[in-house]
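A look at the structure
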Amino acid sequence: MKPYTVILMHPDYYAETYGQDSTVRHVNAREPGTAIRRAQRDAAQEAECDDQESDWFPIACFAGHLQDVAGTA
């Protein structure tokens, strides 16, 4: 298993400002496609939208668990 960072856009029915709301997920998986699906599943479960995992659109998938440092400088 390898660590991945996945950025997902919130679905329109869940977002406060659609197109601007996203979530960053740290997951472990064997390959990027699995990492994306795992992140989608986790986001949907957290939002209590379990049956709509694919609605969480993947923006990016990076190797490693990256930390967002925006706004901390």
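Just so you know, these numbers come straight off a predicted model, no measurement behind them. (Residues numbered from 1 in each chain as written. Predicted model: local features only at pLDDT ≥ 70, side-chain atom pairs only at ≥ 80, totals over all residues. Heavy atoms only, no water.)

**Quick notes on the pairing of strand β2 (residues 22–29)**
Applied cut-off: Accessibility here uses a 1.4 Å probe with only protein chains present; expressed as a share of the type maximum, an area under 20% marks a residue as buried, one over 50% as exposed, and anything in between as partly exposed. Helix and strand definitions follow DSSP, with helices as H or I runs of at least four residues and strands as E runs of at least two, each counted in order from the N terminus. Strands are labelled as partners when DSSP assigns at least two bridges between them.
Residues Thr 23, Arg 25, Val 27 and Ala 29 of β2 are buried on one face, while the alternating residues Ser 22, Val 24, His 26 and Asn 28, pointing to the opposite face, are not. As paired strands, strand β1 (residues 2–9) and β2 are joined by 8 bridges and run antiparallel to one another. Paired with Tyr 4 across the bridge in β2 is Val 27.

**Examining the sheet that holds β2**
Two pairing modes exist for strands in a sheet, parallel and antiparallel, and in both the strands are linked by backbone hydrogen bonds. Convention followed: Note on geometry: axes are lines fitted to C-alpha atoms, helical ones only across the stretch in contact, with angles between N-to-C directions running from 0 to 180 degrees. What makes two residues a contact is simply this: any of their non-hydrogen atoms within 4.5 Å.
What the 3 strands build is an open sheet, ordered β2-β1-β3; its pairing is antiparallel. Edge positions in the open sheet fall to β2 and β3 (57–63), since each of these has one partner strand only. Strand-to-strand twist of the sheet, defined as the mean angle between neighbouring strand axes without regard to direction, takes the value 25 degrees. Sitting on the sheet, helix α1 (residues 32–46) touches β1, β2 and β3, and the angle it makes with β2 is about 125 degrees.

**What to know about the environment of Ala 60**
Summarising the element assignment, Ala 60 is placed in strand β3. For the pair formed by Ala 60 and Met 9, sequence separation is 51 residues and the distance between their alpha carbons is 9.6 Å. Residues contacting Ala 60, with those up to four places away along its chain left out, are Thr 5, Val 6 and Ile 7.

**Describing the side chain of His 10**
For clarity, the threshold we go by: In protein, a polar contact requires one atom able to donate a hydrogen and another able to accept it; more generally it is a pair of N or O atoms within 3.5 Å, and residues adjacent in sequence count only if both atoms are side-chain atoms.
When you line up the elements, His 10 lands in the loop between β1 and β2. Assessed through its relative accessible area of 15%, His 10 is described here as buried. Reaching out from His 10, the side chain makes a polar contact with the backbone oxygen of Ser 22 at a distance of 3.5 Å. Those residues in contact with His 10, other than ones at most four positions away along the chain, are Ala 15, Tyr 18, Asp 21, Ser 22, Thr 23 and Trp 56.

**Some words on α1**
Because an α-helix packs 3.6 residues into every turn, residues spaced three or four apart end up facing the same way. Put simply, the rule reads: How far a helix is expected to stretch is found by multiplying one less than its residue total by 1.5 Å. The directions from the helix axis to the C-beta atoms are what the arc is built from.
Spanning 15 residues, α1 covers 21 Å between terminal C-alpha atoms, matching the ideal 21 Å at 1.5 Å per step. Buried within α1 we find Ala 35, Ile 36, Ala 39, Gln 40, Ala 43 and Ala 44. Buried residues along α1 cover an arc of 160 degrees about the axis, so they all sit on one side. Turning to α1, the residues buried within the fold contact β1, β2 and β3. Two to three positions downstream of the cap, the backbone nitrogen of Gly 33 sits 2.8 Å from a side-chain oxygen, assigning the N-cap of α1 to Glu 31. Backbone geometry just downstream of α1 places Glu 48 in the positive-phi region, at approximately 60 degrees.

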